[in-house]
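Structural overview for review
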Amino acid sequence: MTGMIDGFGRKIDYLRISVTDRCNFRCHYCMPEKQTFLPHRDLLDYQEIALLANRFIAHGVRKIRLTGGEPLVRRDIDILIRELGKHVHAGRLDELTLTTNGSRLEQFAPILAEAGVRRINVSIDSLNIDVFRQITRGGQLEQVLAGVAAAKANNIVVKINMVALKGQNQSDLLPMAEYCATNDFDLAIIETMPLGDGVVGRQDCYIAIDDFIAPLRSAYDLQPLPYRSAGPARYWNVAPLGLRLGLITPMSHNFCDDCNRLRLTTDGKIFMCLGSEMHVDFRQAIREQGLDAVDRLLQKALRLKPERHDFERQMIQPDLRLARHMNATGG
Ligand code: SAM
Ligand code: SF4
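Residues numbered from 1 in each chain as written. Chains lettered and ligands numbered in written order. Predicted model: local features only at pLDDT ≥ 70, side-chain atom pairs only at ≥ 80, totals over all residues. Heavy atoms only, no water.

Overview of the overall build of the protein chain
What counts is decided by this rule: The helix count covers DSSP runs of H or I at least four residues long, the strand count covers runs of E at least two residues long, and both are numbered beginning at the N terminus. The buried label goes to any residue with under 20% of its type's maximum accessible area, the exposed label to any with over 50%, and the partly exposed label to all in between, with areas taken from a 1.4 Å probe on protein chains only. Every residue pair with non-hydrogen atoms within 4.5 Å of one another is taken to be in contact. Throughout, the Shrake-Rupley method with a 1.4 Å probe supplies accessible areas, and for residues the shown protein chains are the sole cover considered.
A count of helical and extended segments in the protein chain gives 13 helices and 14 strands. Residues counted as buried form 57% of the 331 residues belonging to the protein chain. Nonlocal contacts in the protein chain, meaning residues at least 24 apart in sequence, comprise 72% of its contacts between residues at least 6 apart. In the structure as shown, the protein chain presents an accessible area of about 14,300 Å², 50% of it carried by carbon and sulfur atoms.

Structure, rendered in structure tokens:
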């Protein structure tokens, strides 16, 4: 196998797998309070996910991220984590990682470490217990912080994801920067993206990153870093804190030129772009048609991967907005 190149010459070596669309939180910018989820019969089972992952790895995927919904709430998820971990131990994958809300991390940290997970992203939008509970609609910050501590104790490198929410968590930025620097965690700040119907008021909570981080610029010295991860973040050193800060700016600075990823949903669709409804459905192929059909669909997905998202227009033009929520494809 020679690796995967899309129609715009981009090398695709990163697969994100949404293992469930369900979640025990209801972050207000991600999904409405009353959200309907996919029926269980539509979900790929672990054997099907592992088979698809094997195929993508054979074609050149070197990094897999589990996401959701909340990946750690799917029943027996440790089975899939261990199965995919075999690729890391055998050198077929450079990285197996996940994005989690951290609520079940205390229990799962040792399992992740054993499976070869060396780094994870944990989403925490505020270190204020009340603000955290409000944003997540009921999440317990103490539980999440205990999970993060367990990850650290198991030698898993942690990056904290914080979504920039106008008028809601800007005053939490300095405490968050200090918490991350003290614990040796990276911090990534993310602009809100216009995904999902039924999410009320998201346009009002959008704030450009440059405005959001103004308090950090006043308090500290931000120096650009040459460091690049596999993702779209641009990195800065926050001196003299010694914090590595990643800024993810899908809205104010487009990052599609070096997009290297595909996204597998819980029900077996590959989405080629977070900002487009275009997808290729692998479920029938994996259930009924065999690996040749899977390979053909994979080539189709590469051909159809769009050049870029259109979030800027979607934010101001509601009729263009995507109905799909972030929990369907993962962040
Ligand atoms: N439940 C896990 C978590 O929260 O980390 C994984 C899935 S969540 C969809 C992945 C990431 O997407 C989280 O960091 C979350 O804050 C972010 N996210 C969700 N909806 C978003 C939106 N509309 N715009 C920007 N980021 C969003
Ligand atoms: Fe759940 Fe993550 Fe969405 Fe929050 S951002 S509701 S934790 S999937």
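Remarks on the site of ligand 1
Using the following cut-off: The cutoff for a nearby residue is simple: one of its non-hydrogen atoms must lie within 4 Å of the molecule or strand. Polar contacts, as counted here, are pairs of nitrogen or oxygen atoms within 3.5 Å of one another; within protein the pair requires one atom able to donate a hydrogen and one able to accept it, and residues that are adjacent in sequence qualify only if both atoms are side-chain atoms.
Not every one of the 18 residues close to ligand 1 is listed here, only the nearest: Tyr29, Gly69, Thr100, Ser123 and Met193. At a separation of 3.0 Å, a nitrogen atom of ligand 1 approaches a polar backbone atom of Gly69. For ligand 1, an oxygen atom lies 3.2 Å from a polar atom in the backbone of Thr100. Calculation on ligand 1 without its partners gives an accessible area of 540 Å², and the protein chains cover 96% of this total. Where the shell around ligand 1 is concerned, the elements lending two or more residues are β4 (63–68), β5 (95–100) and β7 (157–164).

A word on the sheet that holds strand β12 (residues 261–264)
Our working definition: Any two strands with at least two DSSP-identified bridges between them are counted as paired. Interaxial angle, 0 to 180 degrees, is taken between N-to-C directions of lines fitted to C-alpha atoms, where a helix line uses only the stretch in contact.
The strand order β9-β10-β11-β8-β7-β6-β5-β4-β3-β12-β13-β14 describes an open sheet built from 12 strands, whose pairing is mixed. Each of the sheet's edge strands pairs with one partner strand only, and the pair in question is β9 (221–224) and β14 (279–281). Recorded for the sheet is a direction-independent mean angle of 25 degrees between the axes of neighbouring strands. Pairing of β4 with β5 involves 4 bridges; the strand directions are parallel. Pairing of Arg65 across the sheet is with Thr97, part of β5. Strand contacts of helix α1 (residues 46–58): β3 (14–20), β4, β12 and β13 (269–271), with the helix running at about 175 degrees to β3, the strand carrying the most contacts.

Notes on the environment of Val122
Its location among the elements puts Val122 in strand β6 (residues 119–123). Residues Val122 and Lys159, 37 residues apart in the sequence, show an inter-C-alpha distance of 6.3 Å.

What about helix α2 (residues 77–89)?
Convention followed: Helix span, as expected, comes to 1.5 Å for every residue beyond the first. The arc under discussion is defined with respect to the helix axis, by the directions toward the C-beta atoms.
For α2, built from 13 residues, the straight-helix expectation of 18 Å at 1.5 Å per residue is met to within 8% by its first-to-last C-alpha distance of 18 Å. Of all the residues in α2, the buried ones are Ile77, Leu80, Ile81, Leu84, Gly85, His87 and Val88. Buried residues in α2, looked at end-on, bunch into an arc of 145 degrees, giving them a common side. On the buried face of α2, the contacting elements are β3, α1, β4, β5 and α3 (105–114). Residue Gly91 follows α2 closely and has a positive phi angle near 80 degrees.

Side note on the pairing of β6
In regular strands, side chains alternate between the two faces of the sheet. Note the threshold: For a crossover, the right-handed case is the one in which the path from the first strand over the helix to the second runs clockwise, viewed with the strands pointing away from the viewer.
Strand direction decides the pairing type here: β5 and β6, joined by 3 bridges, are parallel. Looking at β6, one finds that Leu98 is bridged to Ile120. The parallel pair β5 and β6 is bridged by α3, and the resulting crossover is right-handed. Summarising the sheet, β6 and β7 pair through 5 bridges and their orientation is parallel. When the sheet's bridge partners are listed, Asn121 is paired in β7 with Lys159.

Topic: the packing of aromatic side chains
Note the cut-off: The aromatic pairing rule takes the rings of Phe, Tyr and Trp, using the six-membered ring of Trp, and pairs them if the centres are within 6.5 Å, calling planes under 30 degrees apart stacked, those over 60 edge-to-face and the rest tilted. Remark: a charge is flagged as sitting over a ring if the NZ atom of Lys or the CZ atom of Arg is within 6 Å of the ring centre and within 35 degrees of the ring normal.
Applying the stated rule across the entire model yields 4 aromatic pairs. Taken together, a centroid distance of 5.8 Å and an interplanar angle of 70 degrees make the contact between Tyr179 and Phe185 edge-to-face. By relative accessible area, Tyr179 is classed as buried at 19%. Among the residues examined, Phe185 registers a relative accessible area of 4% and is labelled buried. Its end group placed over the ring of Tyr14, Lys63 keeps NZ or CZ at 4.7 Å from the ring centre. The side chain of Arg244 reaches across the aromatic face of Tyr235, ending 5.8 Å from its centre.

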